[in-house]
Amino acid sequence: MERTLSIIKPDAVAKNVVGQILGRFEKAGLTIAATKKLRLSKLDAKKFYEVHEERPFFKDLVDFMVSGPVVVSVLEGENAVALNRELMGETNPKEAKPGTIRADFAESIDANAVHGSDSADNAKVEIAFFFASKDIF
Ligand code: CMP
């Protein structure tokens, strides 16, 4: 069993496709161990994405992530990190395989519908950023 962090980004929340995206996780065999809707502060968004601080897209990424509410979830299952990344598709929706979340719901590399942890180690850090262990089931 593995856990990963998912963020449904402001573009997908605004499109009202939260249920459809969570449904894809469940259909693929992942369990929603915790979930909540919140709006990130600028400070939180900068901290969450601090590994990208030096990248040219950092400011746009932070501005986008605070532009509206997001839905953060802990997904649990076998190979949850890799499975979630497969379901999401490539970071750039133009390169995402048909049938993936980003191919179906995302518009651009910035407004790309979802975020998912890229490794089991990062998942632990990202999950702890949003959830106390007592709130994960
Ligand atoms: P995410 O998985 O949330 O991780 C960092 C985000 O930065 C990424 O999805 C994209 O939405 C955004 N981003 C914008 N430009 C780029 C880029 N050139 N390479 C990677 N990520 C980018």
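Only a predicted model underlies this, so the values are computations on that prediction, with no experimental measurement involved.

Chemist: Which residues make up the layout of surface pockets, and what are the values?
Modeler: Picture a little ball the size of a water molecule; that probe, rolled over the atoms, points out where space is still empty. By volume, the largest pocket amounts to about 740 Å³. In terms of lining residues, the largest pocket is bounded by 26 residues, among which Tyr49, Val51, His52, His115 and Asp118 are the most central. The dominant element in the lining of the largest pocket, judged by the number of residues it contributes, is helix H7 (residues 120-130), at four residues. When its residues are assigned to classes, the lining of the largest pocket shows nine nonpolar, seven polar and ten charged. Taken as a whole, the second largest pocket holds about 160 Å³ of empty space.

Chemist: A description of helix H5 (residues 80-88) should follow, citing residues and the corresponding values.
Modeler: Looking at H5, one finds that the buried residues are Ala80, Val81, Leu83, Asn84 and Met88. Packed against the buried residues of H5 are strand S1 (2-8), helix H2 (18-27), strand S3 (70-77), helix H6 (101-105), strand S4 (114-116) and H7. Positive phi appears at Gly89, one or two residues downstream of H5, with a value of about 85°.

Chemist: Any details on the pattern of salt bridges? Residues and values, ideally.
Modeler: When the charged atoms of two side chains lie near each other, side chains of opposite charge can form a pair. In total, this model carries seven salt bridges according to the counting rule given. The shortest N-O distance in the salt bridge between Lys59 and Asp63 comes to 2.7 Å. With Lys59 and Asp63 both in helix H4 (residues 58-65), this residue pair falls four residues apart, about one helical turn. Linked by salt bridges that have partners in common, Lys42, Lys59 and Asp63 make up one network.

Cut-offs applied
- Every chain begins its residue count from 1, and numbering advances along the sequence as written.
- For a predicted model such as this one, the threshold for reporting local features is a pLDDT of at least 70, and the threshold for listing and counting side-chain atom pairs is 80 or more; totals across whole chains, interfaces and linings nevertheless cover every residue.
- By convention in this description, side-chain values take in all heavy atoms of the structure and omit both hydrogens and water.
- A cavity, in this analysis, means grid points on a 1 Å lattice covering only the protein atoms where a 1.4 Å probe fits yet has no way out; a pocket is instead an open set bounded by protein on both sides within 12 Å along at least five of seven lines, and a residue lines either one if it has an atom within 4 Å of a point.
- Grid points are joined across faces, edges and corners, and a volume is the space filled by probe spheres set on the points.
- The numbering of helices and of strands both runs from the N terminus, where a helix is a DSSP run of H or I of at least 4 residues and a strand a run of E of at least 2.
- Lys, Arg, Asp and Glu make up the charged group, whereas Ala, Val, Leu, Ile, Met, Phe, Trp, Tyr, Cys and Pro make up the nonpolar group; the residues left over, Gly among them, are polar.
- To sort residues, take the accessible area from a 1.4 Å probe on protein chains only and compare it with the maximum for the residue type: under 20% means buried, over 50% means exposed, and anything in between is partly exposed.
- A contact between two residues is defined here by any heavy atoms of the two lying within 4.5 Å.
- The rule for a salt bridge is simple: a side-chain nitrogen of Lys or Arg has to be within 4 Å of a carboxyl oxygen of Asp or Glu.

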